[in-house]
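Fold and contact review
One letter stands for each residue in the lines below.
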Amino acid sequence: PGLRLAATPRLELRMVVGMQFFLLFAALTSFCVAPLAIASPTVTLQAAVEVETWSKGAKANANEVLNVVIALKNREVERLSSEVLEVSSPHSPRYGQHLQPAEISALTGPQQASQHLIRQWLTTTGVETATLSKWGDRFHFRANVSQVEALFSTKVHWYNNVAGNAILQAMDLHAPVSVATEVAAVFGLHGVPIDRPKAPRQSSTAAAKITPELLAKHYGVAGVEVSRGAKNRRATVEFQGQYTKQSDLSAWFAQYVPNAKQGDEIFTCFPGDCEPPTHRGSGLEAMLDVEYIMGPAPGIKTEVWSFQNTAWCTDLKDWTSRLLDHEDPPLVFSISYGIQGNVSLDKRMGCSEAISRNIEEDFAKIAARGISLIFSSGDSGSGGNLLFKHPLWPVWPGSAPHVTAVGATQFETFSQSAERAVTSYGSGGGFSWRFPQQPWQREAVEAYKQNPGAGLPRSQDFNAQGRATPDVSALGLGYQVMANGHTVAVGGTSASAPFFASLISLLNEHRLQNGKSPLGFLNPLLYEMAKNGTGFTDVTVGDNHKDRTGIPVREGYSCTKGWDAVTGWGTPVFGEMLQYVKGLPSGRREHKSSEESEQDNLVLV
């Protein structure tokens, strides 16, 4: 003990020389690692997309500029899903204790070595202006065609459709193996605009005229006094050609929400302008969304998030990225857009499997932050066909695991109280082939499959173990909508979704006023509530053996007692929902010392 050896001059010399050699080796290694890694064999990073109705045209000019996003692979995706369940399940001791952005980043964010490798690859090939996102999960840059072609060893062409539209598309993207293993997806080089949304279904003259007043009365919307504070905010999301007009909304409020206070009709735009250009009018879809997220629960601050670029999935990624980067985003989002069919296999609108998976992982992050995503379940019923039987696919993104899908109902004939599944189009519903049945729905869905009245398709035409939709429903016909100065009656799950979102924003209002956290990801709560026999009116009449025009299809699903693949748990009873929410834990996170917080961060990493 305490023994020390004195170094001889020769030993000291050896130590000095050895250290110099080590430092020289380390410097050479640090200089060479990235180039060596980048020089590794090249593989296909992302395959080109061939989309029906679009054909390849002329080679792009070398100076055309493209906006590109390289999304890096997330870590611990399964762990993230477990965290979402922990903070969203009513019986969990952590209910409502949503994760902070830094905690999500610590759990799922790429390692610094991955970020460094990608940046080195970009700069080596001449892309020196790339910026790393706030949470380090993606690179953004603008590059001309020649730079893109050099970076990805590809070619860029114009693609054209029969309507005369044109869009730039890259062929297969290539990258070194070392780079490809770190990249989740590339946005901005593949994909086309979503099929221009058809105007929401115009209701027959026989349909009841649905107004905010009727919805509030029918569903018992009362019991929450809105404070009109800044914390509780909600939003609609609009894409590609759908614009929202303040003058239309103000006139609609004056006619259908006469008891609203001054200023209740005002919305704000994000990230830029959501008002139509001078040569365009307001969109019927956009006006339906904003009018029925605002009108039934006036006074809650509302935003319109508008994305008017070219490729559908690129716009989706732009939305989820901006939401996750936002320090204080709205707490509820209503989205009335989606694609029916095998999105990844067919690469519908250019949404490949890698691209759609990366967006879905963003949904999980959003859910972990305590933000509710409410999607329409689609208007094409089961997705079946008039002539022959085939595998049935629900709408995406409405069938993703971390969103709430809303179907549609209508009043029974000669009634303004009893409801049934909508008949003039099909309320979207079914079973996902991509996502497994979620734990919070397993018991309810299993009971449905065992019910002889379910009228299930052939076993080979649906995935009995898949994520099942819709989750809930609401009236979806006869909504009075003002657009471009004219009022028309329209319908669709595009109507029921924003209305249901308005109810969730009202429940959040109650929780926030009482010092509690927002509801966040809704599905574990909704299924638990319904299991306890409260919160919903069961809809047991009808089916979704119909396409979006009401034409019968060969296969589909039928309404039954309990959850079903047409209307979910049924339609809301707001008073019961409010009462149930009042009994939920506060969701407040106990204050921790800095040492405890540091330990938590170490665990997350």
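Only a predicted model underlies this, so the values are computations on that prediction, with no experimental measurement involved. (Residues numbered from 1 in each chain as written. Predicted model: local features only at pLDDT ≥ 70, side-chain atom pairs only at ≥ 80, totals over all residues. Heavy atoms only, no water.)

Things to note about the packing of aromatic side chains
Each pair of aromatic rings is reported with the distance of its centres and the angle of its planes. Taken as a whole and judged by the stated rule, the model has 25 aromatic pairs. Aromatic side chains W393 and W433 sit 6.1 Å apart centroid to centroid with 35 degrees between the ring planes, which places their arrangement in the tilted category. Remark: W433 occurs in strand β20 (residues 430-436) and W393 occurs in the loop between β16 (372-376) and β17 (395-396); sequence separation between them is 40 residues. Ring centres of Y448 and W563 lie 5.3 Å apart, and the angle between their planes is 90 degrees; this geometry places the pair in the edge-to-face category. With Y448 in helix α13 (residues 442-449) and W563 in the loop between β25 (536-537) and β26 (571-572), the pair connects residues that are 115 residues apart, well separated along the chain. (Phe/Tyr/Trp six-rings, centres within 6.5 Å; stacked < 30°, edge-to-face > 60°. Helix = DSSP H or I, 4+ residues; strand = E, 2+ residues; numbered from the N terminus.)

Details of the pattern of salt bridges
Applying the stated criterion to the full structure yields 22 salt bridges. The partner of R79 in a salt bridge is E83, and the shortest N-O contact between them spans 3.8 Å. Note that R79 and E83 are positioned in helix α2 (residues 77-88) at a spacing of four residues, about one turn of the helix. With relative accessibility at 28%, the residue R79 sits in the partly exposed group. Between D362 and K317 there is a salt bridge whose closest N-O contact spans 2.9 Å. With a gap of 45 residues between them, D362 in helix α12 (residues 353-368) and K317 in helix α10 (residues 312-325) connect regions that are remote in the sequence. Grouping residues by exposure puts D362 and K317 together as buried. Overlapping salt bridges bring together D137, R138, D325 and K365 as one network. (Salt bridge = Lys/Arg side-chain N within 4 Å of Asp/Glu carboxyl O. Buried < 20%, exposed > 50% of the residue type's maximum accessible area, 1.4 Å probe, protein only.)

A few points about the nonpolar core
Within the largest apolar cluster, 87 residues are counted, with the highest numbers of intra-cluster contacts made by I374, F431, Y479, F500, I504, L519 and W563. With nine residues, helix α14 (residues 493-513) is the largest single contributor of residues to this core. Of all hydrophobic cores here, the second largest spans 41 residues; its members include V49, W319, I359 and F435. (Core = buried A, V, L, I, M, F, W, Y, C linked by side-chain atoms within 4.5 Å.)

Some remarks on the sheet that holds strand β7 (residues 166-170)
Taken in spatial order, the three strands make up an open sheet running β2-β6-β7, and their pairing is antiparallel. Each edge of the open sheet carries a strand with a single partner, namely β2 (54-59) and β7. If you compare each strand with its neighbour and ignore which way they point, the axes differ by 40 degrees on average. In terms of strand pairing, strand β6 (residues 156-161) meets β7 through five bridges, oriented antiparallel. When the bridges of β7 are listed, W158 appears paired with L168. (Pairing = 2+ DSSP bridges. Axes fitted to C-alpha atoms, helices over the stretch in contact; angles between N-to-C directions.)

Shape descriptors only; they carry no functional weight alone.
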